[in-house]
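Survey of secondary and tertiary structure
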Amino acid sequence: MKRILLSLFILTTTNIVYGQHTLSGKIIDKSDNKPLTNASIVLLDQDSIMRHFTRADEDGKFLFKTLADSTYIFIVSYPKFELVSRKIKLDNQISNLPPIALSSQENLIEEVVIQQRLPIRIKGDTLEYDAGSFETEKNAKLEDLLRRLPGLSVSGDGKITANGKSVSKVLIDGEEFFGYDPKIAIRNIRADAVDKVQVYEKKSKEAELTGIDDGVREVTVNAVLKEEARKGIFGNMEVLAGSKDLYTGSLFAAKFNRTERIGITANTNNMGGGMGREGGLRMNSQITGNPLSTSVGANYENQFFQKKVNFNGSYNFNTNSNNNERESFNKQLLSGDVIQVSESRSKTANSSDAHGVRSEIRYKIDSTSNMEINLGANFANNYSSSESQNYTTQNGNPFSRIGDTTNTNGQTRSNDLRINYRKRLNKRGSSINLHFNNSYNKNYSESIVDQTAIYYLKDDTTYINQNRINNSYGNNISGQIQYSDRISNLINYSLGYNISNSTNNTLLKAFNQRNNDTPVLNPEYSQDQKTGNTSHGMVVNINYFTEKISVNLSNRTSFRDQSLTDVYRNIDLDRTFWDNDINMNLNYRVSNRKNVGVSYQNNFNIPSFGQLQELQPQTNPLFIQKGNPDLKRSNNNSFRLNYHTMSLLKGTSWNMNADVSFTTDPIVNQRIIDTATGVTTSSYINVIGKSSWRAGMNSNFNKPIFDRKAQLNIFGGLNYNNGFSFIKYGDDIKNQQYELNNEQMTSLFTGIGINEQDSKGLDYDFNWRISADNQRNSLQKEFNYTSFNTSASGFFKYFLPKKFNISSNINYSLDGPTKFYNKSLHQFYVNAEISKKLLKNESLVASIKGYDIFNTFNNVNRSSSESSFSQSSQQMLTRYILLGLKWDFNKNLGKKSEG
């Protein structure tokens, strides 16, 4: 371990080289020669990347120390004064510039416009990064570029976070590219083809179409390509082979031609769907079970009929299979002094073949109207089999033993259609919007179930041998008409009417198999259920906009009719009620770099059909699921606050999010555990007169450090949950009362991240997090506990001579002990890679990768809640070696046309 730490220290210190130059000067007002206190002085390198920043003191003087021997772009700015930009070359150890005089904009005879690339800009609600200001490796991908942008992070499995918020959509020039899997875009689009990266929040698709602001904001990343990068052919091929007969092969190719885009992707591997595409060190490298995976995808986009019609379509096919073995342990607090412990072992096998099609057609009918059509369809064949053994004790005494074998074959089909038509009625901005939506799904499965259940309490054994045939389908149709107009230049409104109808039918027939006898239908395990939901609603939406403030207020009032029937159980439920949703959003732009947002939402939680149906089909003799037809709606209120500020010149940003929500008369679970029969009955009930609630706050701060060579991220947060559940336990259930358990969970966390990624010397990305979790129960308070957890990860990449690179990913985590389980869980593993770039254009890379090189991965997964604890382990391969070749090809893409 000492050798590893020493090596890391040597690699880091050799990468930090300080210059010996100083630069000083004075900033004055040209009209009166008075000093301009706090004037901003910036030094950019030749790639317009900000390297140094300072401000003038009270005397207008500034000083830069320890500058490298180089040529800089020198920029001076002061509010309401001209901007000065010039090149300076440091060739003496001490450089003292003559006074720099700035002219007030009021005194300028003519406007002087200086075009200068800035690394980050704010345009309204959009944060825009200049891609050329952030250096990446040759043949780097969009994923590598995003990792270098302040405020953005990309996890090993491709999940993007922007200023603490999860990114839900990635666009290329404003359009989806392989929309069914955004990771395809970020892992294959070339970084040198990107001109700008834009980050912004937009309303959900549903809110845009219906006019009802549901409070959901989708954080979106849009990569704007360079003009010359919109024409050409590019892609990559990768082949990996290793120990344990592991392999993967992948292909991505795309052809861009201004308006037309064609892309194909293919992959085959026996390492799992996540590992197969990249084979990188950052992602979770554990191979679970014995997976096989093959996928093929295509994307096509073009414009037709003089660019009036835009078409974007994609197709994907996946075939996956896996088999695995798993062991699990569960410890659960039931009631009073009763603790239930379960141990189980299982073997599973599954496979699926799935086809998916997505398309979007946008038709600009004329200058005042347009139409958007979205089509989607999915088809899949599925197979699964499982064998399991479960042994349960209560307070150390045998309770039950269940053995189960299930084999299932099935098919799923679904399709959806969305049509949206917009028409502008006059120059003032009034418009009409028509929306239609239809979605349909159909599922069929046939299962062979063989189950043996031993009940130690009543010394009884039950055998189940059934053939279960399930046919289900659902259809949903909805439509809306909406009229929008302006009251003034600051206020606009919209009025709408919507109608929807959904029907779902489930026919489950369970036939008892007895030797060679004719199968007999078992109604207890069968179901013939039909549900219907019809809704009529009115929508009102009001918006107020100024340069500083924007306010949105929306309300939807609906009349709903719900019906539910089940032939096997003589259930016929029908009810009508009014429903109402209120949403309010206020956004205050303090300045171009500071923003405050506040939102409020009020809505009802409507009981689902599963919660209402009094009797449900059984799945095993020891568990009965019931509903409650007398359930009432619970009312939910939520508040959100967001504050964001950033300094473009300093490169700092701070983002804070807070939310509070509470539900009155919440719908909670209630359980009856009958010790006389060993049967658990689960149902739902309102906790009248009480409220469950949650609160959360998180914050993150980003700042450049080490002369802007590295980025520092400090984050932290606090979350609190307060909920309820009912339980009744004993051998005389009728004469016992339910006990109410109040469950409270508090979590506090903080951490830091430091990264430097300029593709020179040493690149590193280090993250550390520590958290404290406190759990409280009103029942069995002796099991309340506080646990401490911590985790750290580091990615290091050193660029050696002769185009060699060495990379390593180090991960460590610790989950502290609890009262339920008094042992800590440690996790530590290291992955490493050596690679070399080949060919003159460095387009071919050879690599050798080693995963879990110290064989220290802990194959235990742990989870806990307010009243239970569980941990599991499964068949997993963690230590292996891969040899690989990856070729990036590029024809004409990014090359400017001559003339």
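Notes on the structure in this doc start here. (Residues numbered from 1 in each chain as written. Predicted model: local features only at pLDDT ≥ 70, side-chain atom pairs only at ≥ 80, totals over all residues. Heavy atoms only, no water.)

The next thing to look at is the pattern of salt bridges. For the structure shown, the criterion picks out 17 salt bridges. A salt bridge links Asp763 to Arg148, with the shortest nitrogen-to-oxygen separation between them at 3.3 Å. One end of the pair, Asp763, is in strand 42 (residues 762–777); the other, Arg148, is in helix 2 (residues 142–148), and 615 residues separate them in sequence. As far as burial versus exposure is concerned, Asp763 and Arg148 are alike and both buried. Here Arg569 and Asp566 are joined by a salt bridge, their closest N and O atoms 3.3 Å apart. A residue is classified by how much of its surface remains accessible, and Asp566, at 1% relative accessible area, is buried. When salt bridges with common partners are traced through the structure, they connect Asp173, Arg261 and Glu301 into a single cluster. (Salt bridge = Lys/Arg side-chain N within 4 Å of Asp/Glu carboxyl O. Helix = DSSP H or I, 4+ residues; strand = E, 2+ residues; numbered from the N terminus. Buried < 20%, exposed > 50% of the residue type's maximum accessible area, 1.4 Å probe, protein only.)

Spatial strand order, 3-2-5-6: 4 strands in an open sheet with antiparallel pairing. Single-partner strands in this sheet number two, and they are strand 3 (50–55) and strand 6 (84–89). Mean inter-strand twist for the sheet, computed between neighbouring axes without regard to direction, equals 20 degrees. Note: strand 2 (residues 40–44) against strand 5 (residues 71–77), 5 bridges, orientation antiparallel. Bridge pairing in strand 5 links Ser40 to Ser77. (Pairing = 2+ DSSP bridges. Axes fitted to C-alpha atoms, helices over the stretch in contact; angles between N-to-C directions.)

Moving on: the pairing of strand 36 (residues 652–664). Direction of pairing for strand 35 (residues 634–647) relative to strand 36: antiparallel, over a ladder of 13 bridges. Among the inter-strand pairings, Thr645 is bridged to a residue of strand 36, identified as Trp654. Note that strand 36 and strand 39 (residues 691–705) share 12 bridges and pair antiparallel. Each bridged residue has a counterpart across the sheet, and for Ser661 the counterpart in strand 39 is Arg694.

Tyr129, Leu142, Leu145, Leu146, Ile189 and Val194 are the most contacted members of the largest nonpolar core, which totals 37 residues. Among the elements that take part in this core, strand 16 (residues 217–225) stands out by supplying 4 residues, more than any other. When sequence neighbours within four positions are dropped, the list of residues in contact with Leu146 reads Leu152, Val154, Ile160, Ile186, Val197 and Val221. By size, the runner-up hydrophobic cluster in this structure holds 19 residues, among which are Ile27, Leu43, Ala56 and Leu102. (Core = buried A, V, L, I, M, F, W, Y, C linked by side-chain atoms within 4.5 Å. Contact = heavy atoms within 4.5 Å.)

Bringing the side chain of Glu743 into the picture now. Topologically, Glu743 is positioned in strand 41 (residues 739–756). The charged side chain of Glu743 is buried without a salt bridge, its nearest counter-charge being Arg671 at 6.8 Å. Within the structure, the side chain of Glu743 is placed 3.5 Å from the side chain of Asn741, a separation counted as a polar contact. (Lys, Arg positive; Asp, Glu negative; His and termini not counted. Polar contact = N/O pair within 3.5 Å; in protein donor to acceptor, adjacent residues only side chain to side chain.)

Judged by side-chain polarity, Leu490, Tyr544, Ile549, Leu586, Tyr588, Val590, Val598 and Leu641 come together as a nonpolar surface patch covering roughly 580 Å² of accessible area. Broken down by element, the nonpolar patch gets its largest block of residues, 3 residues, from strand 32 (residues 571–591). Here Ile549 lies in strand 31 (residues 549–566). Looking at Ile549, the relative accessible area reads 32%, which means it is partly exposed. (Patch = residues over 30% accessible without salt bridge, like charges linked within 9 Å, V, L, I, M, F, W, Y side chains within 5 Å. Areas by Shrake-Rupley, 256 points an atom, 1.4 Å probe, with all protein chains shown as cover.)

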